[in-house]
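Summary of structural features
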Amino acid sequence: MPGIIVSPLSRIAEMAVRHGCTEMISLVAKGQDFHRPGVIAKARHLTLGMNDITFAGTGDLIAPQEDHVRQIVAFAREWDRARPLLVHCWMGVSRSPAAALIAALAAEPDQDDAELVQRLRRASPYATPNSRLVEIGDGVLARNGRLIAAVRAIGRGADADGNAPFVLPLASEGAAVAD
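Residues numbered from 1 in each chain as written. Predicted model: local features only at pLDDT ≥ 70, side-chain atom pairs only at ≥ 80, totals over all residues. Heavy atoms only, no water.

**Some words on the overall build of the protein chain**
What counts is decided by this rule: The helix count covers DSSP runs of H or I at least four residues long, the strand count covers runs of E at least two residues long, and both are numbered beginning at the N terminus. To get the radius of gyration, use the C-alpha atoms; to get the globule rule, take the number of residues to the power 0.38 and multiply by 2.2 Å. Accessibility here uses a 1.4 Å probe with only protein chains present; expressed as a share of the type maximum, an area under 20% marks a residue as buried, one over 50% as exposed, and anything in between as partly exposed.
Secondary structure summary: the protein chain contains six helices and six strands in total. For the protein chain, the N- to C-terminal ordering of α and β elements is β-α-β-β-α-β-α-α-α-α-β-β. The globule rule puts the C-alpha radius of gyration for 179 residues at 16 Å, and the 14 Å found for the protein chain is close to it. Principal-axis analysis of the C-alpha atoms gives the protein chain an extent of 45 × 40 × 30 Å. Out of the 179 residues belonging to the protein chain, those deemed buried represent 51%.

**Let's talk about the nonpolar core**
Our working rule: Put simply, buried Ala, Val, Leu, Ile, Met, Phe, Trp, Tyr and Cys residues joined by side-chain atoms within 4.5 Å make one nonpolar core. Here a residue-residue contact requires only that any non-hydrogen atoms of the pair lie within 4.5 Å.
Of all hydrophobic cores here, the largest spans 43 residues; its most connected members are Ile 4, Ile 25, Leu 27, Ile 72, Leu 85, Leu 101 and Leu 168. Residue contributions to this core peak at 10 residues, all from helix α3 (residues 95-107). When sequence neighbours within four positions are dropped, the list of residues in contact with Leu 101 reads Leu 116, Val 117, Leu 120, Pro 129, Leu 147, Val 151 and Leu 168. In terms of nonpolar packing, the next biggest core, distinct from the first, is built from 10 residues, Ile 12, Met 15, Ala 16 and Cys 21 among them.

**Brief notes about the packing of α3 against helix α4 (residues 113-123)**
Spelled out, the test is: Under this scheme, a helix contributes an axis fitted over its contacting stretch, all axes are lines through C-alpha atoms, and angles between N-to-C directions fall in the 0 to 180 degree range. Working definition: roughly parallel below 35 degrees, roughly antiparallel above 145 degrees, roughly perpendicular at 65 to 115 degrees, and oblique for all remaining angles. Put simply, a crossing is left-handed when the front helix is turned counterclockwise from the back one by less than a right angle, and right-handed when it is turned clockwise. In the scheme used here, Gly and all other residues not listed as nonpolar or charged are polar, with Ala, Val, Leu, Ile, Met, Phe, Trp, Tyr, Cys and Pro taken as nonpolar and Asp, Glu, Lys and Arg as charged.
At their nearest, the axes of α3 and α4 sit 11 Å apart, and the two run at 140° to each other. By the angle class used here, α3 and α4 are oblique. Note on packing geometry: the crossing formed by α3 with α4 is right-handed. Where α3 approaches α4, its residues Pro 97, Leu 101, Ala 104 and Leu 105 are matched on the opposing element by Asp 113, Leu 116, Val 117 and Leu 120. Looking at the contact of α3 with α4, its residues break down into seven nonpolar, no polar and one charged.

**Some points on the pairing of strand β1 (residues 4-8)**
The criterion, for reference: Any two strands between which DSSP finds at least two bridges are classified as paired.
Among the five residues that make up β1, five are buried, leaving the element largely enclosed by the rest of the structure. A two-sided burial pattern is seen for β1, the buried positions comprising Ile 4, Val 6 and Pro 8 on one face and Ile 5 and Ser 7 on the other. Alignment of β1 against strand β5 (residues 166-168), held across three bridges, turns out to be antiparallel. By the bridge assignment, Ile 4 is partnered in β5 with Leu 168.

**Overview of α4**
Applied cut-off: Pairing of N or O atoms within 3.5 Å defines a polar contact, subject to two protein rules: one partner must be a possible hydrogen donor and the other a possible acceptor, and residues neighboring in sequence count only if both atoms are side-chain atoms.
Taken together, the buried positions of α4 are occupied by Asp 113, Leu 116, Val 117, Arg 119, Leu 120, Arg 121 and Ala 123. Two or three places before Ala 114, at the opening of α4, Asp 112 has a side-chain oxygen 3.2 Å from that residue's backbone nitrogen.

**Topic: the packing of aromatic side chains**
Formally: The aromatic pairing rule takes the rings of Phe, Tyr and Trp, using the six-membered ring of Trp, and pairs them if the centres are within 6.5 Å, calling planes under 30 degrees apart stacked, those over 60 edge-to-face and the rest tilted. Working rule: Lys NZ or Arg CZ, within 6 Å of ring centre, within 35 degrees of ring normal, means a charge sits over the ring.
What the rule picks out here adds up to zero aromatic pairs. The ring centre of Phe 75 lies 3.8 Å from the NZ or CZ of Arg 44, which sits over that ring.

**Side note on the pairing of strand β4 (residues 85-89)**
Judged by how many residues are buried, β4 sits mostly within the fold: five of five residues are covered. With burial as the criterion, each face of β4 is covered, one bearing Leu 85, Val 87 and Cys 89 and the other bearing Leu 86 and His 88.

In structure tokens:
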């Protein structure tokens, strides 16, 4: 199923192999070292340096920016959807679910925002999409507040330990699958 795999950093190799991913978006703190799984094509690996914050960065913290979102959108629009797209952050709870929503809307812009976010919640009771990424994504994708409203409607996810990867199916794929 060529959906979007959302994963914590600690499980990216396992998820890439299990789901046959060859493309990946990494949302990690600037300078955070990690090993790109060998099955992920170097040319199809987007790494974005940002912290999981919802306010303008202070000190060494980098808040998600419009340029980050534009890169997610461009990357997702180039995704051929032959295989699942792997999206990860440190715990797979905030930045990567937000990026998965943005990527899903970039790949299939005609889908309903509320239905997409409900698929996310069914796939993960833990997901709490980063509100700054969601707000910027809503603007970049011209969703006119629909994505923001849909994410607010599901509220904060359950407490998580950062070990719960999941599959967000595309609109054309139907029901969500927990992993």
